[in-house]
Amino acid sequence: VQLQASGGGLVQAGAYLSLSCVASGRTFSRYAMGWFRQAPGKEREFVAGISDGGGVRNYADSVKGRFTISRDNAKNTLYLQMNSLKPEDTAVYYCAVSNRRFASEVTTRSVAYWGQGTLVTVSS
């Protein structure tokens, strides 16, 4: 099982980035997925979660209204559209597959598989 995240980079505040995460090795259409991030010196934190079918989404308050999570189960791919980026969004972003079905159940404790991370740097 492998989760390959991509799309990170260096941008200025106010810009946007789109992250992708391709899953291989098995099909994850029956499981919720999510994005997490970890800034230097801080613990990994939840960013967004999406239900197995993609119909329900859940966001951290810090990104609500700016980030959009989506998935394409036919392509086994998870996305994160990040708009109006802020310097405090700077972190390594990780995609993850939960062992649960619902978006609200996506937490660090429910993650079964982690991606390798992609660095997002937002300059002021």
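To be clear, the structure that these remarks concern was listed above.
Residues numbered from 1 in each chain as written. Predicted model: local features only at pLDDT ≥ 70, side-chain atom pairs only at ≥ 80, totals over all residues. Heavy atoms only, no water.

Next up on the list: the state of the cysteines. As enumerated under the stated definition, the model contains one disulfide in all. Put simply, cysteine 21 and cysteine 95 are joined by a disulfide, and their sulfur atoms are 2.1 Å apart. Between cysteine 21 and cysteine 95 the disulfide shows an S-S torsion of about 55°. By sign, it is right-handed. Of the two residues, cysteine 21 sits in strand β3 (residues 17-24) while cysteine 95 sits in strand β9 (residues 91-98), which places them 74 residues apart along the sequence. When its relative accessible area of 0% is taken as the criterion, cysteine 21 is described as buried. According to the relative accessible area criterion, cysteine 95 is buried, its value standing at 0%. (Disulfide = S-S within 2.5 Å. Helix = DSSP H or I, 4+ residues; strand = E, 2+ residues; numbered from the N terminus. Buried < 20%, exposed > 50% of the residue type's maximum accessible area, 1.4 Å probe, protein only.)

We now examine the side chain of threonine 77. Here threonine 77 lies in strand β8 (residues 77-82). With relative accessibility at 7%, the residue threonine 77 sits in the buried group. From its side chain, threonine 77 meets the backbone oxygen of lysine 75 in a polar contact 2.8 Å long. Discounting residues that sit within four places of it in the chain, threonine 77 has contacts with Cys21, Val22, Ser70, Arg71 and Asp72. (Polar contact = N/O pair within 3.5 Å; in protein donor to acceptor, adjacent residues only side chain to side chain. Contact = heavy atoms within 4.5 Å.)

Now for the sheet that holds β3. Strand order in the open sheet made by the four strands is β1-β3-β8-β7, with antiparallel pairing throughout. Here the strands that pair on one side only, and so sit at the sheet edges, are β1 (2-6) and β7 (67-72). Averaged over all adjacent pairs, the angle separating strand axes in this sheet is 15°, with direction ignored. Relative to β8, β7 is paired through six bridges, and the arrangement is antiparallel. When the sheet's bridge partners are listed, threonine 68 is paired in β8 with glutamine 81. (Pairing = 2+ DSSP bridges. Axes fitted to C-alpha atoms, helices over the stretch in contact; angles between N-to-C directions.)

Below, the discussion takes up the pattern of salt bridges. Considering all chains together, one arrives at six salt bridges under this definition. For the salt bridge of arginine 66 with aspartate 89, the shortest nitrogen-to-oxygen distance reads 2.7 Å. Here arginine 66, found in the loop between β6 (57-59) and β7, pairs with aspartate 89, found in the loop between β8 and β9; they are 23 residues apart in sequence, far enough to count as distant. (Salt bridge = Lys/Arg side-chain N within 4 Å of Asp/Glu carboxyl O.)

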